[in-house]
Amino acid sequence: MRRLALSLPTALLLATACGTTSGPAPAAPPLADAGPAPGTKVQDAPITRGRIGSKAEEADFHVTKGNVSLDGKYERVLLVLDLESPCFPFDKWKDEPPPPGHNWPASCDAFDRNFETALFDPSKPDAPGLELVRAITPFGGPMHVEEDVTDIWNGLDGPRELRVRITTYSDGAGKVSGSNGSWFVTARIERTYGPAPREVLAVTPLVYESVKAAAPSRSLPFDVPEGSSETKVRYRVTGHGGQIEQGAECRQPADEFCKREHTIAFDGGPKTALTPWRNDCRTLCTVKHYTGNGLDLDYCAENPCGAQASVRASRANWCPGSVTPPTEHLLEGSTKGRHTFDFSIAKIAPEGSWSVSATAFSYR
């Protein structure tokens, strides 16, 4: 066979093209930004002193809103809420005295109300909200709430609308509350970067609504993703309103004072019964005395109105001035695929209602 002789420059060129020569390595590309170091804390305030009003014609009727972005894995995420009332402390009355003939400053809402915070997905306008925490306002008093929402921030991605809702109403005559009652809310998100405490595969809101006597039951579908080893549903409920006849299960004529049995099941299977009820409301009341601004009364910090019996009374899973705890229900086996979460509430009064939310969580 005849060999082809190559000149030295030609041989070097071919060797270079075939990657067989040695020489200085090409410069490495710059490292991507790894993000904040573990333990780094950041804070956002999607709502700063947002007003919640009591008149339907107002833009802030019952709700104040902000925007958040769920964008990573965190060691801990804390939702911090601060509720401010125009009713309290009483020194505020110097700047806004009650109108003539009224008992309260116009902007004061002197009642206990549902105080709910939830996320809504703008890309899914028909999906239910995902309730983060529920509390009951302390009549006309302030409140500070901290809720761990780590699993939710680690299990979802993308933008969400954060809504804080208080079902405040006015008393035009100003006798039992202000004629234009309102509240002010600041919501902060405190995120700590670092390894997630567990891997969240799915967070699915199932229901967030007021359930009434006409439709007291639901069967709510959700999907368990592949690889799940545990799935649970977090269930929040509080009874409300409605003039009813008092019976053995009702302490006063409203559903918030009635012991109602709830039944919980998965996939139409065995039912678990629970009766949402709190006997510890009385522990919230620390009696104080105030004289000034035309007032002379004993009151609780959780109830500046002075109606101690109201803050002490046992109720349907709520205590004024405190967070309403959820119950958690485990799906046995956590099998991949479609499942249902089923609940039913017994004997809701015709004018009564129960605020209900449920969210499914799946973990690897």
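Per-chain numbering applies: the sequence of each chain, read as written, is numbered from 1 onward. Restriction of local features to residues with pLDDT of at least 70 applies here, the model being predicted, together with a cutoff of 80 or more for giving and counting side-chain atom pairs; totals for whole chains, interfaces and linings are based on all residues. Water and hydrogen atoms play no part in the side-chain values, which are based on all heavy atoms of the structure.

(A) Seen up close, the sheet that holds strand β11 (residues 230–240). One open sheet accounts for 4 strands, arranged β9-β19-β11-β17; its pairing is antiparallel. Looking at which strands have only one partner, the edges of the open sheet turn out to be β9 (200–212) and β17 (327–331). On average, each strand axis in the sheet is tilted by 20 degrees relative to the strand beside it, whichever way the strands run. Sheet topology note: the β11/strand β19 (residues 353–363) ladder contains 11 bridges and is antiparallel. By the bridge assignment for β19, V237 is matched with V356. Paired strands are those between which DSSP finds at least two bridges. Only DSSP runs of H or I covering at least 4 residues are called helices, and only runs of E covering at least 2 are called strands; the numbering of each starts at the N terminus. For every element, the axis is a line fit to its C-alpha atoms; helices are fit only across the contacting stretch, and the angle between N-to-C directions ranges from 0 to 180 degrees.

(B) Geometry of the sheet that holds strand β1 (residues 41–53). On the basis of which strands lie adjacent, the open sheet formed by 4 strands has the order β1-β8-β3-β6 and antiparallel pairing. The open sheet is flanked by β1 and β6 (143–148), the only strands paired with a single partner. Recorded for the sheet is a direction-independent mean angle of 15 degrees between the axes of neighbouring strands. With 6 bridges joining them, strand β3 (residues 74–84) and β6 adopt antiparallel strand pairing.

(C) Geometry of the nonpolar core. We define a nonpolar core as any set of buried Ala, Val, Leu, Ile, Met, Phe, Trp, Tyr and Cys residues linked to one another through side-chain atoms lying within 4.5 Å. Each residue gets one of three labels from its accessible area relative to the maximum for its type: buried under 20%, exposed over 50%, partly exposed in between, using a 1.4 Å probe on protein chains only. The biggest cluster of nonpolar side chains holds 33 residues, and the ones touching the most others in it are L81, F115, L119, L132, I152, W153 and V185. Whether two residues are in contact is decided by their heavy atoms: any pair within 4.5 Å suffices. Among all residues touching L132, those that are not within four sequence positions of it are L79, T117, A118, L119, E147, V149, I152, W153, L162 and R236. One finds V237, W277, I348 and V356 within the second-largest nonpolar core, a separate group that totals 23 residues.

(D) Structural context of the packing of aromatic side chains. Two rings belonging to Phe, Tyr or Trp (six-membered ring only in the last case) form a pair when the distance between their centres is within 6.5 Å. Interplanar angles under 30 degrees mark stacking, angles over 60 mark edge-to-face geometry, and anything in between is tilted. Counted under the stated rule, the structure contains 14 aromatic pairs. Between F90 and Y290 the ring centres are 4.6 Å apart and the planes differ by 35 degrees, which places this aromatic pair in the tilted class. Taken together, the residues F90 in the loop between β3 and β4 (114–120) and Y290 in strand β14 (residues 287–292) connect sequence positions 200 residues apart. Of the two residues, F90 and Y290, both sit in the buried class. Ring centres of F361 and Y363 lie 6.5 Å apart, and the angle between their planes is 5 degrees; this geometry places the pair in the stacked category. Judged on exposure class, the residue F361 and its partner Y363 are both buried. Counting as a charge over the ring demands two things of the Lys NZ or Arg CZ atom: a distance within 6 Å of the ring centre and an angle within 35 degrees of the ring normal. The side chain of R49 reaches across the aromatic face of F184, ending 4.1 Å from its centre. It is R163 that lies over the ring of F120; its NZ or CZ is 3.7 Å from the centre.

(E) Layout of the pattern of salt bridges. Salt bridges are defined by distance alone: a side-chain nitrogen of Lys or Arg within 4 Å of a carboxyl oxygen of Asp or Glu. Applying the stated rule across the entire model yields 26 salt bridges. Ionic pairing is found between D71 and R191, a salt bridge with its closest N-O pair at 3.8 Å. Taken as a pair, D71 in the loop between β2 (63–70) and β3 and R191 in strand β8 (residues 182–193) lie far apart in primary sequence, 120 residues in all. On the basis of relative accessibility, which here comes to 47%, the residue D71 falls in the partly exposed class. Residue R191 is classed as buried on the basis of its relative accessible area of 9%. As a salt-bridge pair, D82 and R188 come within 3.6 Å of each other at their nearest N and O atoms. Placement of the pair is D82 in strand β3 and R188 in strand β8, with a sequence separation of 106 residues.

(F) Looking closely at the state of the cysteines. Any two cysteine sulfur atoms within 2.5 Å of one another count as a disulfide. The full count for this structure, using the stated rule, is 3 disulfides. Disulfide pairing places C87 opposite C108 at an S-S distance of 1.9 Å. Its torsion about the S-S bond being 100 degrees, the disulfide of C87 and C108 is classed as right-handed. Here C87, found in the loop between β3 and β4, pairs with C108, found in the loop between β3 and β4; they are 21 residues apart in sequence, far enough to count as distant. Both residues of the pair, C87 and C108, belong to the buried class.

(G) View of the environment of P216. Mapped onto the elements of the fold, P216 is located in the loop between β9 and β10 (217–224). Overall, P216 belongs to the partly exposed group, its relative accessible area being 24%. Taking the C-alpha atoms as reference points, P216 and F343, separated by 127 residues in sequence, lie 8.3 Å from one another. When near neighbours in sequence (up to four residues on either side) are disregarded, P216 contacts V211, F343, S344, I345 and I348.

(H) The arrangement of the side chain of E147 in detail. Positionally, E147 belongs in strand β6. With relative accessibility at 17%, the residue E147 sits in the buried group.

(I) Looking closely at the side chain of H262. Checked against the element boundaries, H262 lands in strand β12 (residues 262–266). N or O atoms closer than or at 3.5 Å make up a polar contact, with two conditions inside protein: a donor-capable atom paired with an acceptor-capable one, and, for residues adjacent in sequence, both atoms drawn from side chains. For H262, the side chain forms a polar contact with the side chain of Y235, separated by 2.9 Å. When residues no more than four places from it in sequence are discounted, the contact partners of H262 are Y235, V237, T272, A273, L274, P276, S344, I345 and W354.

(J) How the structure looks around the confidence of the model for the protein. pLDDT expresses how confident the predictor is about each individual residue, on a scale running from 0 to 100. Across the protein, pLDDT averages 88, with 88% of residues at or above 70. Here residues 1–22 scores under 50 on pLDDT; set against residues more than four positions off or in separate chains, the count is 4 contacts.

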